[in-house]
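In case you want the letters, here they are:
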Amino acid sequence: MESNRKQLLRALGPGILFASTCIGVSHLVQSTRAGADYGFQLLIFIVLANLFKYPFFEFGSRYAGATKKSILEGYKQEGSWVLWVYFLLSLASMFTVTAAVTFVTAGMLNNLMGWSLDPTLVSGLILVFCTLVLAIGRYSLLDSLLKVIGSVLLISTLTAFFGVLFKGPIESVAGFVPKELMEREGVIFLIALMGWMPTAVDLSTWNSLWAVERMKQTGYQTKMREVLFDFNFGYIVTAVLALCFLTLGAFVMYGSGTELSSNSTVFSDQVVKLYTNALGGWAYLIIAIAAFSTMFSTTITVVDGFGRAMGETLRLLFFKTTAIRTLYTIMMVLVAAISFLFILVLSSNLKDLVDLATTLSFVIAPVFAFINYKVIMSDQIEQAYKPKGWLKVLAICGLIFLTLFAIIYLAVYFELISL
């Protein structure tokens, strides 16, 4: 029993990195906005997004547990065209995604430190810092750093959550008119919310990359049950905290008449102050630390994840003999630099930047979901390691769910359906 516990703890790490990636814009920004604008109307959609995306993230970890390789190698074995699809679709989304999470992080840092610096400048500094930390420490430092940040995030968020529950929801201001979900704006926001709930499906490749890297770090070939324990731990934490942030938004902001700002620093100040008003002045530092911890952990994992995934993709497609570390560093620097250019162009409106990134992620989600299903059900995986019946059924339902909502979004966006 003691030996089993030690082995589970030795495997723990990639799941925490996954949770740190998820609990960022999707939770702090989108879940909070969902609660603030619609109360608990979107609760069921958050639950469904977490449920129906689960198989496709799990398949990334399952592949690593079964083969001791990243699922990107599985893409390659299915055919170079699969890897090309992944590469091109990732190029279409990764800079916007990185720009969005970094810009929000800059606002949180400004708020925490009491600065009035240009968020664009702060974003650049954050990207430089993340790149340097990852280039020097690589996976080992990232793993250690995020275990600390994750603990701070979990404790501070749960403290705020239970404090708000104890105090109860605020009273609605006179003349408050709730937003209609079934209007065009409401449907578009719903798709954006589910786009990153808990995160984009294409990021499922990171689970397998981190699991393989963890094996290299510890020198221990993690068993399937240990890999899945680590993943499930991280996934459950992200799902629970999504509901916490929705509740915080609904209890503290819904009915207040406050419109969340599109300026990242002002938005951050609004979030922290509204929570503080509900809980009391003692909570200010807790909320500010939680908000910044949430976003910084997401930013550094996104820079690492895209750098690692794109570096490995290029190696498999073009540079089979080139050291992966070299490609990782080059791609990480490129991701940070080009994302900063996106921030320079789109920084005037936080809301539009976030919605663009999250919506794009949701529209391309069915493609990545299908690819992951195809790989995990292929002959690459021994029968004993393939998903059980219930997980296959859930995956098929997830494919239908993601495809249906992607079609609905496109129909609404191009006004093929009138609301």
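Enquirer: How would you explain the overall build of the protein if you had to name every residue and give the values?
Expert: Regarding its fold elements, the protein presents 16 helices and zero strands. Here the C-alpha atoms of the protein give a radius of gyration of 21 Å, agreeing with the 22 Å that 2.2 N^0.38 yields for 419 residues. Considering only C-alpha atoms, the protein reaches an extent of 65 × 50 × 45 Å along its principal axes. Within the protein, the proportion of its 419 residues that are buried is 60%. Counted over contacts in the protein with a minimum sequence separation of 6, partners at least 24 positions apart contribute 87%.

Enquirer: So, the pattern of salt bridges: which residues are in play, and what are the values?
Expert: Applying the stated criterion to the full structure yields eight salt bridges. The network of salt bridges with shared partners includes Glu73, Glu312 and Arg315.

Enquirer: I'd love a proper account of the packing of aromatic side chains, names of residues and values included.
Expert: Evaluated as defined, the whole model comprises 26 aromatic pairs. Summarising the aromatic geometry, the rings of Trp84 and Phe87 are spaced 5.8 Å apart at their centres and angled 80° between planes, so their arrangement reads as edge-to-face. Here Trp84 and its partner Phe87 are both found in helix 6 (residues 80-113), three residues apart, which amounts to about one turn of the helix. Residue Trp84 is classed as partly exposed on the basis of its relative accessible area, which comes to 34%. Of the residues examined, Phe87 reaches a relative accessible area of 11% and is grouped as buried. Site record: aromatic cluster; members linked through ring pairs are Phe18, Tyr54, Phe57, Phe231 and Tyr235. Above the plane of the ring of Tyr328 lies Arg308, whose end atom (NZ or CZ) is 4.8 Å from the centre.

Enquirer: I'd love a proper account of empty space enclosed by the protein, names of residues and values included.
Expert: Per the stated rule, a full pass over the model turns up five cavities of 30 Å³ or more. By volume, the largest cavity is sized at about 90 Å³. Thr21, Val97, Val101, Trp196 and Thr199 are, among the 14 residues lining the largest cavity, the residues nearest its centre. Tallied by class, the residues present in the lining of the largest cavity amount to nine nonpolar, five polar and no charged.

Enquirer: So what about the environment of Ala411? Which residues, and what values?
Expert: Note that Ala411 resides in helix 16 (residues 389-413). What Ala411 contacts, discounting residues up to four positions off in sequence, is Leu416 and Ile417.

Enquirer: Explain unusual backbone geometry to me, and be specific about the residues and the numbers.
Expert: Here Met197 and Pro198 are connected by a cis peptide whose omega angle stands at 0°. Among the structural elements, Pro198 can be located in the loop between helix 8 (184-195) and helix 9 (204-218).

Enquirer: Please provide a residue-by-residue account of the packing of helix 9 against helix 12 (residues 284-317), values included.
Expert: Running from N to C, helix 9 and helix 12 cross one another at 85°; their axes reach a closest spacing of 10 Å. Put simply, helix 9 runs roughly perpendicular to helix 12. Contacts from Thr205, Trp206, Leu209, Trp210 and Glu213 of helix 9 reach helix 12 at Thr301, Val302, Asp304, Gly305, Phe306, Arg308, Ala309 and Glu312. Class assignment of the residues belonging to the contact of helix 9 with helix 12 gives a composition of six nonpolar, three polar and four charged.

Enquirer: Which residues make up the state of the cysteines, and what values do they have?
Expert: What the rule picks out here adds up to zero disulfides. Cys130 carries a free sulfur, and the closest cysteine sulfur to it, the one in Cys22, is 17 Å from it. Between Cys244, a free cysteine, and Cys22, which holds the nearest cysteine sulfur, the sulfur-to-sulfur gap is 15 Å.

Enquirer: Tell me about a nonpolar patch on the surface, and please be specific about residues and values.
Expert: Taken together, Phe40, Leu43, Ile44, Val47 and Leu243 make up a surface patch of nonpolar side chains, about 380 Å² in accessible area. Examining the composition of the nonpolar patch, we find that three residues originate from one element, helix 4 (residues 43-67), more than from any other. Relative to the assigned elements, Val47 resides in helix 4.

Enquirer: Break down the confidence of the model for the protein for me, with residues and values.
Expert: Caution is warranted with low-pLDDT regions, since their predicted coordinates should not be read in detail. Of all residues in the protein, 95% attain a pLDDT of 70 or more, and the chain-wide mean is 87. Ranking the elements of the protein by mean pLDDT puts helix 1 (residues 2-11) last, at 66, and helix 4 first, at 96.

The rules behind these values
- Residues numbered from 1 in each chain as written.
- Predicted model: local features only at pLDDT ≥ 70, side-chain atom pairs only at ≥ 80, totals over all residues.
- Heavy atoms only, no water.
- Helix = DSSP H or I, 4+ residues; strand = E, 2+ residues; numbered from the N terminus.
- Rg over C-alpha atoms; globule rule 2.2 N^0.38 Å.
- Buried < 20%, exposed > 50% of the residue type's maximum accessible area, 1.4 Å probe, protein only.
- Contact = heavy atoms within 4.5 Å.
- Salt bridge = Lys/Arg side-chain N within 4 Å of Asp/Glu carboxyl O.
- Phe/Tyr/Trp six-rings, centres within 6.5 Å; stacked < 30°, edge-to-face > 60°.
- Lys NZ or Arg CZ within 6 Å of the ring centre and 35° of its normal.
- 1 Å grid on protein atoms, 1.4 Å probe; cavity = no way out; pocket = protein on both sides within 12 Å on 5 of 7 lines; lining within 4 Å.
- Points joined across faces, edges and corners; volume = space filled by probe spheres on them.
- Nonpolar A, V, L, I, M, F, W, Y, C, P; charged D, E, K, R; others polar.
- Axes fitted to C-alpha atoms, helices over the stretch in contact; angles between N-to-C directions.
- Parallel < 35°, antiparallel > 145°, perpendicular 65-115°, else oblique.
- Disulfide = S-S within 2.5 Å.
- Patch = residues over 30% accessible without salt bridge, like charges linked within 9 Å, V, L, I, M, F, W, Y side chains within 5 Å.
- Areas by Shrake-Rupley, 256 points an atom, 1.4 Å probe, with all protein chains shown as cover.
- pLDDT = per-residue confidence, 0-100.

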